[in-house]
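Remarks on the overall topology
The chain contents come next:
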Amino acid sequence: MNNETYEFKPLSLMFVEYKSGDLLGFILAWITMLPILYVVSIFTVIIIRRDLTTIFYFFGFLITEFTNFVLKNLIKQPRPYLNEHRSKGSFSKYGMPSDHSQVMFYFSTFFILIVLFRYYISQSKLIQILMKSFLCVIAIIAAVLVAFSRVYLKYHTNEQVIAGSLLGIICGSLWFFIVHTILSKHFHYITTWKISEFLMIRDYTHIPNILLFQYTAERNEARRKNKNN
């Protein structure tokens, strides 16, 4: 009989701890996983739509993650584990800057800039302003809640979260500027590559309302086929 003992550790990607009986902590434990859910959502959109803006949005996330990894291992500031019962071995031991805060503020900043400068929502100026404002406020609230959750759940200090948030804003702004003013000029050329044609990569840069465009195109195609039948 094998008497060997093994040490088991949880997959830390979705492993979040909160104080037992703490309802707010329970809610924030779910909120703190928003960056992971957002990554899955973006990847799903890439698979379905295959547009270059979303693909480069995801590339920006990878750059942001790499930046965070490098900074954490250069600064080497520990996480604020105040309770000896926490599962310290389940997470990276460095906390400066906060990864979740940086990633979420990157996503929110890039998203807000796309909404403000790229998307056309309605012919009504009032509805346009209201819808864009609503989307921007939701993005800001989501990022702030994730940052707050990291402090409340004691995974990071205030300074680590603030640093991560500021870096996320910087990364989101710079990457949007690069994509919007430099890379997007070459999107049409990229779509002509053989690999792009094989993967059906698309360029929606000059289509301000993608939902309306897709709805209209699909409706017209359905009507044409119905007439033929």
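For the structure, see preceding data.
Read on for an overview of the structure. These figures come from a predicted structure and were not determined experimentally.

Attention now goes to the overall build of the chain. Along the backbone of the chain there are nine helices and zero strands. In sequence order, the chain lays out its α and β elements as α-α-α-α-α-α-α-α-α. Of the contacts made within the chain by residues no fewer than 6 positions apart, 71% connect residues no fewer than 24 positions apart.

With that settled, consider the packing of aromatic side chains. Per the stated rule, a full pass over the model turns up 16 aromatic pairs. When the ring of Phe58 is compared with that of Phe61, the centres are 5.6 Å apart and the planes differ by 50°; the resulting orientation is tilted. A residue pair is termed a helical-turn pair when its members lie 3 or 4 positions apart in one helix, as Phe58 and Phe61 do in helix α3 (residues 52-75) at three residues. Each of the two residues, Phe58 as well as Phe61, counts as buried. The rings of Tyr38, Phe43, Tyr57, Phe58, Phe61, Tyr106, Phe107, Phe110, Phe117 and Phe176 are connected pair by pair, giving a single aromatic cluster.

Time to look at α3. For α3, built from 24 residues, the straight-helix expectation of 34 Å at 1.5 Å per residue is met to within 8% by its first-to-last C-alpha distance of 34 Å. By the burial criterion, the buried members of α3 are Leu52, Thr53, Thr54, Ile55, Phe56, Tyr57, Phe58, Gly60, Phe61, Thr64, Asn68 and Lys72. If you follow the buried residues of α3, they end up packed against α2 (34-49), α4 (99-117), α6 (158-181) and α7 (187-190).

A word on the nonpolar core. If you look at the biggest cluster of nonpolar residues, it comprises 22 residues, and the most contacted ones within it are Leu52, Phe61, Tyr106, Phe107 and Phe110. Look past the residues within four positions of Phe107 in its chain and what remains in contact with it is Pro35, Tyr38, Val39, Ile42, Tyr57 and Phe61. With nine residues, the next largest nonpolar core counts Ile31, Met104, Ala143 and Ala147 among its residues.

Two side chains with opposite charge may pair up if their charged atoms get near one another. The tally for this structure, following the rule as stated, stands at one salt bridge. Its salt-bridge partner being Arg49, residue Asp51 comes within 3.5 Å of it at the nearest N-O pair. Accessibility expressed as a relative area gives 2% for Asp51, which makes it buried.

Okay, a nonpolar patch on the surface next. Together, Tyr18, Leu23, Phe26, Ile27 and Trp30 line one region of the surface with nonpolar side chains, adding up to about 540 Å² of accessible area. Relative to the helices and strands, Tyr18 resides in the segment before α1 (23-31).

All right, on to helix α5 (residues 125-152) then. Between its terminal C-alpha atoms α5 stretches 40 Å, which fits the 40 Å expected from 28 residues at 1.5 Å a residue. Of the residues making up α5, those classed as buried are Gln128, Lys132, Cys136, Ala139, Ala142, Ala143, Val146, Ala147, Ser149 and Arg150. Contact partners of the buried residues in α5: α1, α2, α4 and α6. Positive backbone phi, at 60°, marks Lys154, one or two positions downstream of α5.

Conventions we followed
Residues numbered from 1 in each chain as written. Predicted model: local features only at pLDDT ≥ 70, side-chain atom pairs only at ≥ 80, totals over all residues. Heavy atoms only, no water. Helix = DSSP H or I, 4+ residues; strand = E, 2+ residues; numbered from the N terminus. Contact = heavy atoms within 4.5 Å. Phe/Tyr/Trp six-rings, centres within 6.5 Å; stacked < 30°, edge-to-face > 60°. Buried < 20%, exposed > 50% of the residue type's maximum accessible area, 1.4 Å probe, protein only. Expected span 1.5 Å × (residues − 1). Core = buried A, V, L, I, M, F, W, Y, C linked by side-chain atoms within 4.5 Å. Salt bridge = Lys/Arg side-chain N within 4 Å of Asp/Glu carboxyl O. Patch = residues over 30% accessible without salt bridge, like charges linked within 9 Å, V, L, I, M, F, W, Y side chains within 5 Å. Areas by Shrake-Rupley, 256 points an atom, 1.4 Å probe, with all protein chains shown as cover.

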